[in-house]
Amino acid sequence: MTVIQVSDDLAQLDAAIEALPNNPAVFALWPKEGDPYLSKTALLRRRLLRLLREREKPSRLLNLRRTVSRIEYRLTGSAFESGVVLYEQARRHFPDTYLELLKLRMPPYVKIVLGNEFPRSHITTHLTRTSSSATSGGLYFGPFRSRASAERFESQFLDLFQMRRCQEDLVPSPEHPGCIYGEMGMCLRPCQQVVGPAEYGHEVARVTEFLRTGGRSLLEAIGHSRDRLSEEMMFEEAARQHKRYEKVQDVLKLRDELARDADRLNGVAITRSLVPDAVEMWFVRDGNWQEPQRFGFEVQEGKPVSLDRKLRDTFAAVTARKLTVRERQEYLALLARWYYSTWRDGEWLAFDSYDDIPYRKLVHAVSRVARRDAGS
């Protein structure tokens, strides 16, 4: 953060503010005593003039001219960068209340509760430590745009399987009354001991594999069955499988764009940079926020460097880091707020793994953001 010390000569303060650029920035106004006023703005000079300039007439607008002792600011290249910097500064200065200050809401996830003897799903906004083991807290699929969106996807994808939908802690018994889903053949009815934990666990494994692979596991199984039936000239059964295939595709269309198994959420956000002929790259690896990097379009010996080669070098330099559960959840909330907003000012490119990055798509995305920056 750049610091401006405020002296008793307020004319110097006016001159210092007038010299500031009208760029996006995060700033803090420190009073002589107490906590700072922390905020972000799209136009730094204009915002500070509004807060600190001398008023000719009385006004209801906030004015801190007589109380501020120093100004700290950091210029940013995009709304996304402003959001990240503001979050990090708020955590530093307001460790107990920064979420309220930022009005940062945690996005919803569909959770498969794997720690239960008879796993089920539900909607949650709280991540815990995740793992592929059956004794872990669960599998988290998201983040979704809204709770309604997550509930709609949960309801529809459960129709493809026979996993239970009830939320009770089951005590299986032949005397259990069951539910409508069991009567409709949409649940294996572990509550009534129709199946045991092992058979029910096999169905849950199909569910988790469906979510981890983004639906590919079920589509491939149905596709192979359809093709085999067609080769055997069992056309009615093949047509039935094709309808199942189309239903799975329709369910997958209900996913919000960021929704993945949180442990396998990989991608990069590309935004404008303060530096000319450069973009900022913000990495997510296995659901964990990584250190961002600046990607420049330097010319070496009068010749432009291959973007593909530079991007490969940039991704090779990304060292995987693990965050605390709280940090991970909050950074993903920042990503979801930006991505699902109407003011998104960059591009997001998702991929399955850092070992299989679609560099051609990445080159196009970087070029588009750079052209937008040059055009502005």
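Coordinates for the structure precede this section.
Conventions we followed
Residues numbered from 1 in each chain as written. Predicted model: local features only at pLDDT ≥ 70, side-chain atom pairs only at ≥ 80, totals over all residues. Heavy atoms only, no water. Helix = DSSP H or I, 4+ residues; strand = E, 2+ residues; numbered from the N terminus. Core = buried A, V, L, I, M, F, W, Y, C linked by side-chain atoms within 4.5 Å. Buried < 20%, exposed > 50% of the residue type's maximum accessible area, 1.4 Å probe, protein only. Contact = heavy atoms within 4.5 Å. Pairing = 2+ DSSP bridges. Axes fitted to C-alpha atoms, helices over the stretch in contact; angles between N-to-C directions.

Enquirer: Would you mind showing me how to read unusual backbone geometry here?
Expert: Apart from glycine, the bulk of residues carry a negative phi angle, and the bulk of peptide bonds sit in the trans form. The amide bond that connects glycine 142 to the next residue, proline 143, takes the cis arrangement and shows omega of 0°. When you line up the elements, proline 143 lands in the loop between β7 (139–142) and α5 (147–158). Positioned with a positive phi, glutamine 193 is a non-glycine residue whose angle comes to about 60°. With respect to the helices, strands and loops of the structure, glutamine 193 is situated in the loop between α6 (180–183) and α7 (197–212).

Enquirer: I'm lost on the nonpolar core in this one. Help?
Expert: Most often, soluble globular proteins have nonpolar side chains that are buried together. By size, the foremost hydrophobic cluster in this structure holds 36 residues, and its most contacted members are Phe80, Trp289, Leu335 and Trp348. For this core, the secondary structure elements donating two or more residues are β2 (25–31), α3 (79–93), α4 (98–102), β10 (278–285) and α11 (325–339). Of all the elements, α11 adds the most residues to this core, at 8 residues. In contact with leucine 335, other than residues within four places in its own chain, are Phe80, Leu258, Val284 and Trp348. Counting 31 residues, the second-largest nonpolar core is a separate cluster that includes Leu114, Cys191, Val204 and Val207.

Enquirer: Just checking my understanding: could you explain the sheet that holds strand β4 (residues 68–75) for this structure?
Expert: Read from one edge to the other, the open sheet built from 4 strands follows the order β1-β4-β2-β3, with strand pairing classed as antiparallel. Across the chains shown, the open sheet's two edge strands, defined by having one partner strand only, are β1 (2–5) and β3 (37–41). If you compare each strand with its neighbour and ignore which way they point, the axes differ by 20° on average. Note that β1 and β4 share 4 bridges and pair antiparallel. What sits directly across from glutamine 5, in β4, is arginine 70.

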